[in-house]
Structures are given as C-alpha cells and as structure tokens.
Amino acid sequence: MLACLALAVLPQAQFARPPVAVATSSYAHLPVIATDENLSAVAWLEGTNELRASFSDGRGVEWTPTITVKPSHPAPAFDAALCVDQQVAVFAWRDRRHAVPQSIASTPFVRTYDASSGLLSAEVQLLNGLPAANVTTERPIAAAVRVGSTLRVHVLVHHAVFPAPPTNMFGGPVATDSLLRLYTSNDGGHTFPIARDVAHLPLTAILWDLRVEAEGDDVHVFWTDDRSSWQDYEVYHQRSSDGGLTFDFPVEHRLTTHAAIQAFDVDVAGSVIALAVNDTAHDPLSGTVYWDRIDTLVSVDRGTTFTPQTTLPGASATDYAFAWPSVAISSSGAAIDVAWQSGGGWTTQPDVDWSRSVDAGAHWSSEALLTANGGHYPRLRADPSGRARMTLSWAQTDGWRVAASLDDGASWQPPVEFSGDTFTTGGVGHIPACWNSRYQNFVSTWLTAAAGVTTVWSGGARPQTITPIGFQVGPASPHVACERFDDGNSIAFVLASLTPGSFALPFGDGRELGLAPDALFAATANLAVSGVLAAPLDAQGDGATAALAGAVLPAGLQFSLVGVSFDLATLRFGDISDVVTVQL
C-alpha cells in the first residue's frame with residue numbers, strides 16, 4: 001500500500017507559491033488585478049496603449065491566453081480600470097476616438113467579460129448628453145456589486161466640459177463645467193441609463209484622486225481637489241443610498257481640515273468607513289515642511305459623520321518622512337488597521353509601519369515596525385468573507401513580500417517573499433493586490449523588464465500551509481504537518497499526485513485542487529478517507545497526519561501535495577493549501 005507514497009524531500013514549506021508569467025510584451029504598463037469567487041482577471045496597457053487581459057480562477061495560478069479588450073485603433077486607451085464580480089469582469093477606459101484635429105477630448109467606455117461563456121460584450125459608450133468632441137474625461141474607475149440577482153456596475157469619471165472642442169493650443173475654449181459623474185448600470189454593464197452628477201467642481205480646482213466604493217444600495221464617492229487653496233488637496237465625500245439614483249447630501253462633505261493631502265486610501269465595510277491620509281504642509285518657496293503625518297478618519301454611520309482627523313502615534317514629523325497609507329477594516333468591523341511607509345525621507349531607507357484601532361478610530365495602538373529590511377508601497381487587504389484574516393504586501397529592494405494576519409491584524413505571521421524579481425511597478429506606484437475569499441488566496445500582479453521585454457507576472461499565497469516532515473530516500477516514517485486551517489473543520493486530508501493538474505472538488509464545491517486525478521491521487525484519497533492521511537485539527541487549525549511507519553521512499557520522483565480541510569458531518573470542504581511540488 002505504501003509503495004505508491006514515494007514522496008520527495010521538501011526543504012521547507014512554501015507560504016508563497018512561485019510566480020507565474022501571465023504574458024510578455026515589448027512594453028507593458030499600468031497593470032491592474034481583481035478577483036472574486038472563481039474568477040481572477042489581470043489587465044494592462046501594452047504597445048501603443050492597447051488594453052489587454054488574461055483570466056484565471058480564484059487561485060491565480062494558471063492564466064488564459066491574452067485577449068484584446070480595446071485595440072489601439074481607432075484610438076489608444078488611457079486610464080484603464082478593472083473590477084470583478086463572481087463570473088463577470090468589467091473594464092473601463094477612456095480614449096480619443098471622438099476628438100477632432102488638435103483636440104484633447106476623450107470619451108469613457110465600458111466592456112465586460114463573462115467567464116461562464118468566455119465572451120466579451122460590445123463596447124458601451126457612457127453618454128453624457130453633450131457632443132463627445134466637447135468633453136474631456138479623466139480617470140474612469142469602476143465598482144461592481146451584486147444586489148440580489150442584479151449585477152450593478154458603477155463607473156465614476158471626471159468630465160471637463162467645453163463650449164467647443166478643446167485643443168492643446170493656447171487661446172482655445174475655456175471649460176464651462178468641471179464635474180464628477182456617476183454612471184450606473186443595472187444589467188451587468190451592458191447599458192448605463194443612469195448618469196448623475198456627484199459634484200460640480202470650481203473651474204479653478206484641480207482634481208487629484210478619486211475612488212468609488214459600493215456595498216448593496218450604498219455608493220460612496222471620495223476624491224481630492226484643491227478648491228480651498230492651490231495645490232492643497234482636501235478629501236471630499238458624497239453618498240448615494242439608492243444605488244446611484246440620488247445623492248444623500250445637498251453638498252458634498254469636506255472630510256479633511258489640514259492642507260495638503262498627498263495620498264489617501266479608504267475601506268468600506270457595511271456602516272463602517274475608514275480613511276487614511278498622508279497629510280503634508282510646506283512652504284512652496286523655501287521648501288520648509290511644517291508637518292508630514294498619517295491621519296485617519298472613521299465613520300460608523302455610513303459616512304454621515306466622521307471622527308475628527310487623528311494623527312497616528314509615531315506618524316508625524318517635519319520632513320517628507322511618510323507616504324502611501326493603506327487601510328483595511330476587518331470583516332466584522334471590530335478592527336481597523338493602517339499601514340504606511342515611514343522614515344526614508346530623501347536619504348534613508350523607508351520601512352513599513354502599522355497601527356490598529358478596536359474602538360472605531362477613537363484610539364490607535366503605538367506604531368509597530370513590520371519590516372526588518374526596509375519596505376515601501378504597503379498594501380493592506382482584508383478578507384470580506386467573515387474570516388479574521390488580513391494580508392499586507394510591500395516592496396523591498398530585492399522583491400515583494402507579503403505577511404498574513406489570522407486575527408484581524410492583532411498579530412502578523414513572519415513575512416515571506418512572493419517575488420524576488422527586480423521589479424517595476426509599471427507606472428502604478430505600488431503593487432496591485434487583492435484577496436479571494438473562496439480560495440482564501442492573496443493574488444497580485446507586477447511587471448519586470450529586461451532586454452527589451454516586459455513580463456506581466458502573477459503571484460500569491462495562502463495562510464494555510466502543509467509541511468512534509470521526515471521524508472527521505474530509503475526507510476522512513478514521514479508525516480505531514482498542517483497549519484492555519486482555521487475554518488472550523490476538525491480534520492484536514494492530505495492528497496497527492498505525481499504532477500500538478502486540474503481536479504475540481506466534489507459535492508458541489510467546484511474549486512480547483514491543483515492536483516492531477518492520477519493513480520497516486522486515487523490512492524492517497526483512499527488513505528485520507530481511511531484516516532491514514534488525515535490530520536486532526538485543533539482550534540487554531542493546526543494538526544498533523546500520523547507517521548507512515550515502514551515506508552520505503554525511492555529517489556528520482558516528482559511529487560505534488562495539497563492539504564484540504566473537511567467537515568465529515570456536512571460533507572463540505574474548507575481551506576485548501578497551495579500545491580507543494582518537490583523533487584527527490
């Protein structure tokens with residue numbers, strides 16, 4: 001019976017799996033990634049700003065051949081955005097196909113991809129009732145949310161409206177309106193009959209950044225502009241409680257009170273909204289910095305009111321010492337975590353710091369250093385499924401790192417490297433990252449460039465791990481340790497195949513296990529069910545299989561191994577580890 005268990009030696013368990021090359025190009029930039037349920041999508045601009053994309057399941061391990069979402073003709077794409085809901089990916093962009101000679105006018109478009117059919121929809125132009133040649137569009141961003149059986153898609157854009165086609169030439173027409181507009185679809189992005197003006201900005205104001213967040217019928221719009229003082233950007237907020245039909249506040253709320261917001265991040269979880277900002281004030285003539293800090297604002301009533309702007313402990317200085325705040329709310333809403341790039345200034349190595357609040361932003365923990373060898377571009381992501389999990393990724397000079405928390409950010413697992421490449425952010429300024437609740441899977445994308453070739457990569461990790469112990473050539477008594485299978489199931493099965501493959505879990509689960517259904521897989525499945533390759537789990541989701549006494553393990557075999565938790569009473573699977581492939 002044990003002859004089929006010819007296992008290879010594993011030097012150490014892998015928390016992060018090897019990166020996967022999604023595509024190569026002579027030039028690619030602005031990569032974005034999104035995931036939900038059993039669909040992940042990566043999109044980027046390549047060549048002459050052709051919008052390209054590739055798709056995977058929730059693991060982000062195997063990617064489809066790339067498709068062209070928007071060709072570079074009749075006009076190249078700009079500012080591409082992406083969101084995913086269940087089996088639908090939504091792409092938004094702008095292009096200048098309606099521009100007249102000398103014009104800088106641009107028009108927003110949307111296109112969707114249905115993973116169940118593998119088909120792209122037709123392009124949908126977002127109509128604003130004005131001649132397309134007279135309107136310039138900036139920064140379309142999209143959010144998709146399922147309300148009952150309806151897939152609702154919101155696209156937020158900034159329009160500058162002119163009485164005649166705007167041009168790059170001095171002396172051209174002056175804008176007559178500067179507005180934020182929300183376009184809403186109730187049929188999954190195929191039509192956008194609802195277009196509502198979120199705010200009319202002063203013509204002298206410059207818009208710097210904008211976000212849209214949707215949960216059920218709630219739609220939150222955040223942006224920064226410098227209407228209060230030139231180049232001193234403040235954060236503003238507007239909310240719709242009826243899916244974008246109307247807006248709740250007669251005038252948008254100004255949330256911040258100090259100049260100037262260099263960057264901000266926001267997270268929404270039900271009635272809780274958390275905002276983190278990099279707030280800097282300086283003398284533009286002398287360069288003197290009056291303050292540089294990371295501040296937070298929190299609402300527990302869906303954005304009707306917010307806490308006062310609060311500076312995080314240890315996150316205040318009088319030089320350019322802080323940047324890139326990132327915020328995440330635990331799925332229970334009981335904890336809020338903020339990470340930021342600290343120190344560094346202009347001359348020293350930056351680090352990633354972190355603080356946490358468990359009382360809706362009234363108090364924050366002292367800053368904690370999360371990186372031992374420097375770090376920048378931190379990105380926090382919370383698991384929205386109800387599990388107490390968060391991930392934090394950041395860049396170091398030798399690659400990307402990720403750390404996981406299993407208790408809503410109260411403590412963090414040791415960081416691991418999920419890419420050791422010499423990287424480029426491709427114009428993004430950070431690594432795009434997301435969390436797939438179905439697979440309990442962190443997924444990211446980034447670019448590398450070498451010898452005139454740009455590679456689009458995907459990588460990721462899962463908190464749950466398996467560690468083969470005691471496997472060696474010849475007589476052995478090996479076992480497998482399982483960790484962090486904390487989904488409430490009492491047992492984890494350990495399964496194997498000679499190579500990685502594609503096996504979907506039964507009983508209506510459908511998730512890819514990552515193993516091939518070969519003879520070894522069948523044998524280990526039988527052993528797992530019989531209890532030989534089954535690990536009883538404690539409350540933390542840790543356990544180990546019994547030692548396989550008397551096994552004789554030959555050299556030269558490749559072997560792939562996976563752990564999956566199981567509930568014997570309901571016949572339901574839980575956490576799945578990444579595939580561990582070793583070679584003896």
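Residues numbered from 1 in each chain as written. Predicted model: local features only at pLDDT ≥ 70, side-chain atom pairs only at ≥ 80, totals over all residues. Heavy atoms only, no water.

Caption draft 1: Summary view of the pattern of salt bridges. A full pass over the atoms with the stated rule returns 27 salt bridges. A salt bridge links Asp 217 to Arg 152, with the shortest nitrogen-to-oxygen separation between them at 2.8 Å. Of the two residues, Asp 217 sits in the loop between β15 (207–215) and β16 (218–229) while Arg 152 sits in strand β12 (residues 150–161), which places them 65 residues apart along the sequence. For Arg 152, a relative accessible area of 11% gives the class buried. Here Asp 209 and Arg 211 are joined by a salt bridge, their closest N and O atoms 3.5 Å apart. For Asp 209, a relative accessible area of 22% gives the class partly exposed. Of the residues examined, Arg 211 reaches a relative accessible area of 21% and is grouped as partly exposed. One continuous salt-bridge network, built from bridges that share partners, spans Arg 387, Arg 389, Asp 486 and Asp 575. (Salt bridge = Lys/Arg side-chain N within 4 Å of Asp/Glu carboxyl O. Helix = DSSP H or I, 4+ residues; strand = E, 2+ residues; numbered from the N terminus. Buried < 20%, exposed > 50% of the residue type's maximum accessible area, 1.4 Å probe, protein only.)

Caption draft 2: Layout of the packing of aromatic side chains. Scanning all chains against the criterion turns up 13 aromatic pairs. Pairing Phe 418 with Phe 442 gives two aromatic rings, centres 5.4 Å apart and planes at 75°, and the pair type is edge-to-face. Pair noted here: Phe 418 is in strand β30 (residues 416–419) and Phe 442 is in strand β32 (residues 441–450), with a separation of 24 residues, a long-range link. Residue Phe 418 shares its accessibility class with Phe 442, and that shared class is buried. Here the aromatic rings of Phe 503 and Phe 521 are separated by 4.6 Å at their centres, their planes lie at 50°, and the arrangement is tilted. (Phe/Tyr/Trp six-rings, centres within 6.5 Å; stacked < 30°, edge-to-face > 60°.)

Caption draft 3: Expanded view of the sheet that holds strand β21 (residues 289–299). Taken in spatial order, the four strands of this open sheet run β19-β20-β21-β22, and their pairing is antiparallel. Of all strands in the sheet, those with a lone pairing partner are β19 (261–269) and β22 (310–317), marking the two edges. The average undirected angle you get between the axes of adjacent strands in this sheet is 15°. Bridge count for β19 against strand β20 (residues 272–282) is eight bridges, and the pairing is antiparallel. Note that in β20 the partner of Phe 264 across the bridge is Val 277. (Pairing = 2+ DSSP bridges. Axes fitted to C-alpha atoms, helices over the stretch in contact; angles between N-to-C directions.)

Caption draft 4: Quick peek at the sheet that holds β16. On the basis of which strands lie adjacent, the open sheet formed by four strands has the order β15-β16-β17-β18 and antiparallel pairing. Taken across any chain shown, the strands that pair with only one partner, and hence form the sheet edges, are β15 and β18 (253–254). Judged from the eight bridges that link them, β15 and β16 form a sheet pairing that is antiparallel. Along β16, the bridge assignment pairs Ala 214 with Val 219.

Caption draft 5: Highlighting the nonpolar core. Core analysis: the biggest nonpolar cluster contains 35 residues, and Ile 466, Cys 482, Phe 493, Leu 495, Leu 513, Leu 561 and Val 564 have the highest contact counts within it. Elements supplying a minimum of two residues to this core: β36 (479–483), β37 (491–497), α1 (519–529), β38 (534–536), β40 (551–553), β41 (558–567), β42 (572–576) and β43 (580–583). Among the elements that line this core, the one with the most residues is β37, at six residues. If you look at the next biggest cluster of nonpolar residues, it comprises 18 residues, including Val 145, Leu 201, Ala 214 and Val 219. (Core = buried A, V, L, I, M, F, W, Y, C linked by side-chain atoms within 4.5 Å.)

Caption draft 6: Representation of the pairing of β20 within the structure. Within β20, ten of the eleven residues are buried, which leaves the element mostly enclosed by the surrounding structure. The turn linking β19 back onto β20 is made up of two residues, and Gly 270 within it adopts a positive phi angle of 65°. Two strands pair when backbone bridges link them, and β20 and β21 are joined in this way by ten bridges, in the antiparallel orientation. Following the sheet pairing, Val 277 is matched in β21 by Asp 295.

Caption draft 7: Focus on unusual backbone geometry. A cis geometry characterises the amide bond from His 73 onward to Pro 74, with omega recorded as 10°. One non-glycine residue, Ala 360, lies in positive phi territory at about 60°. Even without being glycine, Asp 408 reaches a positive phi, approximately 60°. With relative accessibility at 12%, the residue Asp 408 sits in the buried group.

Caption draft 8: Representation of α1. Turning to α1, its buried residues are Leu 520, Phe 521, Thr 524, Leu 527 and Ala 528. Down the axis, α1 shows its buried residues gathered within 130° of arc, on one side only. Exposed residues on α1 whose side chains face more than 90 degrees from its buried face are Ala 519, Asn 526 and Val 529. Of the surrounding elements, those touching the buried residues of α1 are β37, β38 and β41. Here α1 starts with a cap whose side-chain oxygen sits 3.2 Å from the backbone nitrogen of Leu 520, and that cap is Asp 518. One or two residues past the end of α1 sits Gly 531, with phi positive at roughly 100°. (Arc of directions from axis to C-beta. Contact = heavy atoms within 4.5 Å. Polar contact = N/O pair within 3.5 Å; in protein donor to acceptor, adjacent residues only side chain to side chain.)

Caption draft 9: Spotlight on the state of the cysteines. In the structure shown here, the tally under the stated rule is zero disulfides. Free cysteine Cys 434: the closest other cysteine sulfur is in Cys 83, separated by 12 Å. (Disulfide = S-S within 2.5 Å.)

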